[in-house]
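Take a look at the letters that make up each chain.
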Amino acid sequence: MTNGVALMGNVIGPVSAGLLSLVFGITAIFWLTSILFFLVSLLLFSKLEGRMEARP
């Protein structure tokens, strides 16, 4: 069951990206991806910074 759910991302990702590129243009996919990567990196660094301060 979980393998099927994990593989759904391989289908849903390209389909949703194709639909977004039809509506907003192909560059919108790259902008969206770069914004998502930036937000995730900020979240990751904030979590790591808090963990590093907790260590003696």
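Residues numbered from 1 in each chain as written. Predicted model: local features only at pLDDT ≥ 70, side-chain atom pairs only at ≥ 80, totals over all residues. Heavy atoms only, no water.

Draft legend 1. A look at the overall build of the protein chain. Assigned secondary structure in the protein chain consists of two helices and zero strands. A total of 56 residues make up the protein chain; the buried ones form 2% of that total. Total accessible area computed for the protein chain in this model is approximately 5,200 Å², and 76% of it derives from carbon and sulfur atoms. (Helix = DSSP H or I, 4+ residues; strand = E, 2+ residues; numbered from the N terminus. Buried < 20%, exposed > 50% of the residue type's maximum accessible area, 1.4 Å probe, protein only. Areas by Shrake-Rupley, 256 points an atom, 1.4 Å probe, with all protein chains shown as cover.)

Draft legend 2. Highlighting a nonpolar patch on the surface. Taken together, the side chains of Val 5, Met 8, Val 11, Ile 12, Val 15, Leu 19, Leu 20, Leu 22, Val 23, Phe 24, Leu 32 and Leu 36 define a hydrophobic patch exposed on the protein surface, amounting to about 1,200 Å² of accessible area. Only helix 1 (2–24) and helix 2 (26–54) provide two or more residues apiece to the nonpolar patch. Sorting elements by how many residues they give to the nonpolar patch places helix 1 first, with ten residues. As for its placement among the helices and strands, Leu 32 is situated in helix 2. Judged by relative accessible area, which is 42%, Leu 32 ranks as partly exposed. (Patch = residues over 30% accessible without salt bridge, like charges linked within 9 Å, V, L, I, M, F, W, Y side chains within 5 Å. Salt bridge = Lys/Arg side-chain N within 4 Å of Asp/Glu carboxyl O.)

Draft legend 3. Main features of the environment of Ala 28. Inspection of the secondary structure assignment puts Ala 28 in helix 2. As for Ala 28 and Ala 17, which are separated by eleven residues in sequence, their C-alpha atoms are 9.2 Å apart.

Draft legend 4. Molecular detail of helix 1. For helix 1, spanning 23 residues, the distance from its first C-alpha to its last is 32 Å, which sits close to the expected 33 Å at 1.5 Å a residue. For helix 1, a buried count of zero out of 23 residues is recorded, marking the element as mostly open to its surroundings. One or two residues past the end of helix 1 sits Gly 25, with phi positive at roughly 105 degrees. (Expected span 1.5 Å × (residues − 1).)

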